[in-house]
Structure formats: structure tokens, C-alpha cells
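Fold and geometry: a report
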Amino acid sequence: MRTGRIVKTLALAAAFFAAGSLYLPGVSSAEDVWCCSHDGRSFYLDSESINAANLPKGMDYRVSVKAVLDSNGSLEKTIIYGFESQNDRLEGNYYDKSAGYWQWVNYASEKPVIKAVWETMKPYMRQKHIGYSDTWKWD
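Residues numbered from 1 in each chain as written. Predicted model: local features only at pLDDT ≥ 70, side-chain atom pairs only at ≥ 80, totals over all residues. Heavy atoms only, no water.

Re the overall build of the protein chain
Filter applied, for reference: Segments assigned H or I by DSSP are reported as helices when at least four residues long, segments assigned E as strands when at least two residues long, and all are numbered from the N terminus. Between two residues, a contact is recorded if the distance between any of their heavy atoms is within 4.5 Å.
For the protein chain, the helix and strand inventory stands at two helices and seven strands. In the protein chain, the share of contacts with a sequence separation of at least 24, taken over all contacts with a separation of at least 6, comes to 43%.

Below, the structure written as C-alpha cells:
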């Protein structure tokens, strides 16, 4: 009788452990997620910062990304990226804190980073039920 109770308890504990190991990060759990490495920096998306509400006019999505120097692992800066979709086209921009306004990403060297940020955002947007389209093309 006691053996049966122990077996049931162990089975229940194993079920909770298995369910916990399959659990994806929830909407409420903050997580820095690696996006890409580029020009001596690694970029980490703050999954909790993904936003699609109360944004500046013309912006559909916003997210905060940390740029970390690969040479020593120190935080170089935090970048706020914004995305806009128009006519099945996706455009990216970033907030220039020193100038105090949004700048369009138009440099070829920055495109790989902003594309990686967008791709990294998508699973978390699905978790938050934020709509987007996989058919949007980059300019």
C-alpha cells in the first residue's frame, strides 16, 4: 500500500518535471534572447519589451535590444528598434538617443542586425498574440 503511494507521487513529480521542461517562455517572463553577432557585437533582444500598442505614428512594433561587445562582454548600449509595415513591405528604424528622434535603417551594414531582430521577435509576438505577416518583404 505504501509502495503504491510512493509510485504515484514519483509519477506525479515526473509529470510536473516533464511538463516544466517543455514549457516555452511565457509572456510575463523576461528573457534576453541572442539575435545575431555583427561587427564585433552580439545583439540580445529583450523579449518582454516587444510592443505593438501606444507607439509613435507610423510604427507598428517596437523592441529593446542590448548590444554587447564581443571583446569583453560589456554592454555597449541599448537600442530601441521600431518596425513599420506598409503595402506588404517591412521597414526598420531605431531610436537615436543622442539626437532624440527615430532614424530609418538605410545602411547596408545595419540591415543584417535589424532583420535578425525581426526574426527573433516573431515567436514572442505569437506568444503575445501580436499579429504580423510572414509575407512582408524588406526594402
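Right, picking up where we left off after that structure.
Examining the pairing of strand β5 (residues 89-96)
Test applied: Pairing between two strands is assigned when DSSP locates at least 2 bridges connecting them.
Note that strand β4 (residues 75-86) and β5 share six bridges and pair antiparallel. Bridge pairing in β5 places Gln-86 opposite Arg-89. In sequence, β4 turns back onto β5 through a hairpin of two residues, with Asn-87 there showing a positive phi of about 50 degrees. One ladder, built from two bridges, connects β5 with strand β7 (residues 137-138); its direction is parallel. In the strand pairing of β7, Leu-90 is matched with Trp-138. Hairpin connection between β5 and strand β6 (residues 101-104): a loop of four residues separates the two successive antiparallel strands, and Gly-100 in this loop has a positive phi of roughly 80 degrees.

Topic: the nonpolar core
For clarity, the threshold we go by: Residues belong to a common nonpolar core when they are buried Ala, Val, Leu, Ile, Met, Phe, Trp, Tyr or Cys residues joined through side-chain atoms within 4.5 Å. Here's how the labels work: a residue is buried when its accessible area is under 20% of the maximum for its type, exposed when over 50%, partly exposed in between, all with a 1.4 Å probe on protein chains only.
In this structure, Tyr-81, Phe-83, Val-117, Trp-118 and Met-121 are the most contacted members of the largest nonpolar core, which totals 27 residues. At the level of secondary structure, the elements contributing two or more residues to this core comprise β1 (32-38), β2 (41-46), β3 (61-69), β4 and α2 (111-127). If one sorts the elements of this core by residue count, α2 sits on top with eight residues. If near-sequence neighbours (up to four positions away) are discounted, Met-121 is found in contact with Leu-45, Ile-50, Tyr-61, Val-63 and Phe-83.

Comments concerning the side chain of Ser-42
This is how it is decided: Pairing of N or O atoms within 3.5 Å defines a polar contact, subject to two protein rules: one partner must be a possible hydrogen donor and the other a possible acceptor, and residues neighboring in sequence count only if both atoms are side-chain atoms.
You can see Ser-42 is positioned in strand β2. Within the structure, Ser-42 has its side chain in polar contact with the side chain of Asp-70 (distance 2.6 Å).

Brief notes about the pattern of salt bridges
Rules: Any carboxyl oxygen of Asp or Glu that lies within 4 Å of a side-chain nitrogen of Lys or Arg is treated as forming a salt bridge with it.
Overall, the coordinates contain four salt bridges when judged by the stated rule. Residue Asp-32 pairs with Lys-66 through a salt bridge whose shortest N-O separation is 2.8 Å. A residue pair is termed long-range when its members are at least 10 positions apart, and Asp-32 in strand β1 and Lys-66 in strand β3 qualify at 34 residues. As a salt-bridge pair, Lys-122 and Asp-134 come within 2.7 Å of each other at their nearest N and O atoms. With Lys-122 in helix α2 and Asp-134 in the loop between α2 and β7, the pair connects residues that are 12 residues apart, well separated along the chain. A residue is classified by how much of its surface remains accessible, and Asp-134, at 55% relative accessible area, is exposed. Overlapping salt bridges bring together Glu-119, Lys-122 and Asp-134 as one network.

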